[in-house]
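# Architecture at a glance
The residues making up each chain are set out below.
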Amino acid sequence: MNKIAVVYWTCSGNTEIMANCIAEGARSAGAEVSMFTSADFTASNLDSYDVVAFGCPAMGAETLEESEFEPMFSDLEGQLKDRKIALFGSYGWGDGQWMRDWYARCSDDGAKLFGDEGLIVNETPDEAAEDVCKELGRELSVW
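Structure report, in brief. Because the structure is a prediction, the values reported are computed rather than measured.

Calculation rules
- Residues numbered from 1 in each chain as written.
- Predicted model: local features only at pLDDT ≥ 70, side-chain atom pairs only at ≥ 80, totals over all residues.
- Heavy atoms only, no water.
- Salt bridge = Lys/Arg side-chain N within 4 Å of Asp/Glu carboxyl O.
- Helix = DSSP H or I, 4+ residues; strand = E, 2+ residues; numbered from the N terminus.
- Buried < 20%, exposed > 50% of the residue type's maximum accessible area, 1.4 Å probe, protein only.
- Core = buried A, V, L, I, M, F, W, Y, C linked by side-chain atoms within 4.5 Å.
- Contact = heavy atoms within 4.5 Å.

## Describing the pattern of salt bridges
- For the coordinates displayed, the defined rule picks out seven salt bridges.
- With a closest N to O distance of 2.9 Å, Arg 105 and Glu 77 form a salt bridge. Note that Arg 105 is positioned in helix α3 (residues 97-108) and Glu 77 in the loop between α2 (69-76) and β4 (84-91), a separation of 28 residues in sequence.
- We classify Glu 77 as partly exposed; its relative accessible area is 29%.
- A single salt-bridge network, built from bridges that share partners, covers Glu 70, Glu 77 and Arg 105.

Structure (structure tokens):
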């Protein structure tokens, strides 16, 4: 089983719900999971985990949150090569461009990305979306 870090930033609580469901799914499959807000995760944490799931909602003109999450994530760039990374987040407008841009950044940095795109949920996750998040956690536990 993998040792997983779930690192997230939330404003309205939607991305936190997703993070908790991902962690729940991973734990239910036997993974060891640690949760961090973006303020509490640094590059020195990377080596302690087999997989890192990063979560951030779309902000403004479909960008990552700029005061905490973006600085933390920028500090990690250049260190993601060959690391197993999953991306997730919620949005309330747009078409998911922030996730496509974020996915491309990770890919350009050489990360091993889970899936063909990140997991996005419009607004507050409903029961079906929570189930998808839990399934992501289960899949990350053995990836």
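## Things to note about the nonpolar core
- Within the largest apolar cluster, 27 residues are counted, with the highest numbers of intra-cluster contacts made by Phe 41, Val 52, Phe 54, Phe 69, Phe 73, Leu 87 and Trp 102.
- Among the elements that line this core, the one with the most residues is α3, at five residues.
- Ignoring any residue separated from it by four or fewer positions in sequence, one finds Val 52 in contact with Ala 5, Val 7, Phe 41, Leu 46, Lys 84, Ile 85 and Ala 86.
- Counting residues in hydrophobic clusters, the runner-up holds 21 residues, among them Phe 88, Val 121, Ala 129 and Leu 136.

Everything listed is a geometric property; what it means functionally is a separate question.
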